[in-house]
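Each chain, written out:
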Amino acid sequence: MFDFHAHNGECNDDAFISLVTAEDLSFTGKSNTKIALGYMPWLENHISLDRFLSLLEENSDWNVGEVGLDKRFFSPDHKDELEEILSSSIVRERIVLIHSVRYNQMILDMLRKHKIRKAIFHSYTSSYEEALKIANASYFISLSPLSFRTRDIKKLVTLPFLLESDMKTSKEEKEKIKMLYEKASRMLDEDVSEKMEMRKNELWTSV
């Protein structure tokens, strides 16, 4: 069961792992581990923007994320930096993992403006109406344990969605993602495993 958004813990071939701090750069995953490098300047010990861009240039098999905006920590500089990231030619053809807290429409507009082909709004907890706009732009929402507590969850699973633990890879993370697959399957009255595998293959085609 693939975890579409996890963090640096044990090596895990069944997870899309986001590295977001300088300590994470010591991560030495297996050769087929799927990695995204993030830039979140409101975090302690975050990777600098220059270092972030140079690491992406050096590692053509890495994707991008988490990147985004957060209402709780917003600075105008963050918006300018996100614009710089999304406008970069080394970002455009990669999967972009989005961290968005109350900035879905602004980020969606930026993704379209910079012609980003593949994006995932991770740990989605906003409205069905905003999720529909994301789906209509051919991007994905990713549902975490927090997502399953939202009022619109029964409608969100009718859209193209992914499933994530948003945890460090571990035994507990594997148990959590299994539980989310089971919850989504019950809601849709079908096993979603094959659907998740198809979406994973779709995302990793031509990146």
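Preceding this paragraph is the structure being described.
Residues numbered from 1 in each chain as written. Predicted model: local features only at pLDDT ≥ 70, side-chain atom pairs only at ≥ 80, totals over all residues. Heavy atoms only, no water.

Right, let's talk about the pattern of salt bridges for a bit. Across all of its chains, the model carries seven salt bridges by this definition. Between lysine 174 and aspartate 14 there is a salt bridge, and its shortest N-O distance comes to 3.9 Å. With lysine 174 in helix 7 (residues 171-188) and aspartate 14 in the loop between strand 1 (3-7) and strand 2 (15-19), this residue pair connects regions lying 160 residues apart in the sequence. Overall, lysine 174 belongs to the partly exposed group, its relative accessible area being 43%. Put simply, lysine 200 and glutamate 197 hold a salt bridge, and the shortest N to O gap is 3.5 Å. You can see lysine 200 and its partner glutamate 197 sitting in helix 8 (residues 193-203), three residues apart, about one turn around the helix. (Salt bridge = Lys/Arg side-chain N within 4 Å of Asp/Glu carboxyl O. Helix = DSSP H or I, 4+ residues; strand = E, 2+ residues; numbered from the N terminus. Buried < 20%, exposed > 50% of the residue type's maximum accessible area, 1.4 Å probe, protein only.)

In this section: the side chain of aspartate 24. For aspartate 24, the location among the structural elements is in the loop between strand 2 and strand 3 (34-39). Buried within the structure, aspartate 24 lacks any salt-bridge partner; lysine 168 is the closest side chain of opposite charge, at an N-O distance of 6.2 Å. Among the polar contacts made by the side chain of aspartate 24, one reaches the main-chain amide nitrogen of valine 20 at a distance of 2.8 Å. Setting aside residues up to four positions removed in sequence, aspartate 24 forms contacts with Asn8, Ser18 and Leu19. (Lys, Arg positive; Asp, Glu negative; His and termini not counted. Polar contact = N/O pair within 3.5 Å; in protein donor to acceptor, adjacent residues only side chain to side chain. Contact = heavy atoms within 4.5 Å.)

Running from amino to carboxyl end, helix 4 (residues 104-113) crosses helix 5 (residues 128-136) at an angle of 5 degrees, the nearest separation of the two axes being 11 Å. When the axes of helix 4 and helix 5 are compared, the pair comes out roughly parallel. Contacts between helix 4 and helix 5 pair Asn104, Gln105, Leu108 and Arg112 from the former with Glu130, Lys133 and Ile134 from the latter. Of the residues that constitute the contact of helix 4 with helix 5, the class distribution is two nonpolar, two polar and three charged. (Axes fitted to C-alpha atoms, helices over the stretch in contact; angles between N-to-C directions. Parallel < 35°, antiparallel > 145°, perpendicular 65-115°, else oblique. Nonpolar A, V, L, I, M, F, W, Y, C, P; charged D, E, K, R; others polar.)

In this structure, Phe52, Val67, Leu111, Leu143, Phe161 and Leu163 are the most contacted members of the largest nonpolar core, which totals 66 residues. Leave out the neighbours within four places in its chain, and leucine 143 touches Tyr124, Phe148, Ile153, Leu156, Val157, Phe161, Leu162, Leu163, Glu164 and Leu180. (Core = buried A, V, L, I, M, F, W, Y, C linked by side-chain atoms within 4.5 Å.)

It is worth spelling out the packing of aromatic side chains at this point. Applying the stated criterion across every chain, the model contains six aromatic pairs. Aromatic side chains phenylalanine 2 and phenylalanine 4 sit 4.9 Å apart centroid to centroid with 80 degrees between the ring planes, which places their arrangement in the edge-to-face category. Taken individually, phenylalanine 2 and phenylalanine 4 each receive the classification buried, so the pair is uniform in this respect. Measuring from centroid to centroid gives 4.9 Å for phenylalanine 16 and tryptophan 204, while their planes differ by 75 degrees, and the two rings are edge-to-face. One end of the pair, phenylalanine 16, is in strand 2; the other, tryptophan 204, is in the segment after helix 8, and 188 residues separate them in sequence. As far as burial versus exposure is concerned, phenylalanine 16 and tryptophan 204 are alike and both buried. (Phe/Tyr/Trp six-rings, centres within 6.5 Å; stacked < 30°, edge-to-face > 60°.)

Here we come to unusual backbone geometry. Between glycine 65 and glutamate 66 the backbone carries a cis peptide bond, its omega angle lying at 15 degrees. Inspection of the secondary structure puts glutamate 66 in strand 4 (residues 63-70). A positive phi angle is found at asparagine 45, which is not glycine, with a value near 60 degrees. Here asparagine 45 lies in the loop between strand 3 and helix 1 (49-58).

The values reported here are purely geometric and, on their own, carry no functional implication.
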